[in-house]
Amino acid sequence: MDWSAQLRSALPPPAHLAAAPSAADWTAAEAALGVTLPADYKQFLSDWGPAQIGAFFYTLSPGHPNRVVELVEKARYVTHALGTLKAHHPRTYTAPVFPEAGGFLAWGWTDNADYLGWMVTGTDPEEWPVTIWGEEDGAPEVFEGTNFGALLAGIVTGSIRPAAFPADLWDELPLTIEAPASERSAD
């Protein structure tokens, strides 16, 4: 079963999508970052929209009106933050940070200040391994051979449990997927 079918089986996409990126948003984000983004990431945001997953981590989205969830702005912030840590602690923080070759490019973050992203290795975004850089970790946990969609489906179903995530996150499976709090309507 592919990641999309696995995720749809566990958590169908919402009936109403809030703030899914437009074609212009994708074009602008890729131009600003200087890379083509992976197709599974684009598919997720087109089908589910920007999301809060397990009430713990968030996906970023290009062109989003909320700066906290906007891909380019948040990715640049993460790049700056990790670059600063590397500059001050070069023996601890040794992994490259985008736009360095093979560097970490963020696509999400957690309530614990961990970052989720890709290691931008090579020119084929479909080959970029997904990565989680724990807030207290000098190097990211790299999931070689795993793409964005497979990681997301694995986390939601509990078959992938990143070391930086709290163990009790998976007390109830599957994890929930909701629009970020700023997009939920008051019922």
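Residues numbered from 1 in each chain as written. Predicted model: local features only at pLDDT ≥ 70, side-chain atom pairs only at ≥ 80, totals over all residues. Heavy atoms only, no water.

Colleague: Can you help me understand helix H1 (residues 3-10) in this one?
Modeller: Note that an α-helix has 3.6 residues per turn; residues three or four places apart therefore point the same way. Turning to H1, its buried residues number three or more, namely Trp3, Ser4 and Leu7. Across the axial projection of H1, the buried residues extend over an arc of 95°, all falling on one side. (Buried < 20%, exposed > 50% of the residue type's maximum accessible area, 1.4 Å probe, protein only. Helix = DSSP H or I, 4+ residues; strand = E, 2+ residues; numbered from the N terminus. Arc of directions from axis to C-beta.)

Colleague: It is not clear to me how the side chain of Glu30 should be interpreted in this structure. Could you clarify?
Modeller: If you trace the backbone, Glu30 turns up in helix H2 (residues 23-33). Only 2.7 Å separates the side chain of Glu30 from the side chain of Lys42, close enough to count as a polar contact. Glu30 has contacts with Val35, Thr36, Leu37 and Lys42, leaving out every residue within four places of it along the chain. (Polar contact = N/O pair within 3.5 Å; in protein donor to acceptor, adjacent residues only side chain to side chain. Contact = heavy atoms within 4.5 Å.)

Colleague: Help me understand the confidence of the model for the chain in this model?
Modeller: Reading predicted coordinates in detail is not appropriate for stretches of low pLDDT. With 96% of its residues at a pLDDT of at least 70, the chain reaches an overall mean of 92. Averaged over each element, pLDDT in the chain is lowest for strand E7 (residues 177-178) (88) and highest for H2 (98). (pLDDT = per-residue confidence, 0-100.)

Colleague: Sorry, what's going on with unusual backbone geometry here?
Modeller: Note on backbone geometry: most residues besides glycine have negative phi, and most peptide bonds are trans. Cis geometry marks the peptide bond from Phe98 to Pro99, where omega comes out at 15°. The residue Pro99 is located in the loop between helix H4 (71-88) and strand E3 (104-110) in this model. Each neighbour pair has its own omega, and for Leu173 with Pro174 the value is -5°, a cis peptide bond. Checked against the element boundaries, Pro174 lands in the loop between helix H5 (148-157) and E7. Not every positive phi belongs to a glycine, and Ala55 is a case in point at roughly 50°. Position of Ala55 among the secondary structure elements: in the loop between strand E1 (52-53) and strand E2 (57-59). Ala55 sits in the exposed class, given a relative accessible area of 52%.

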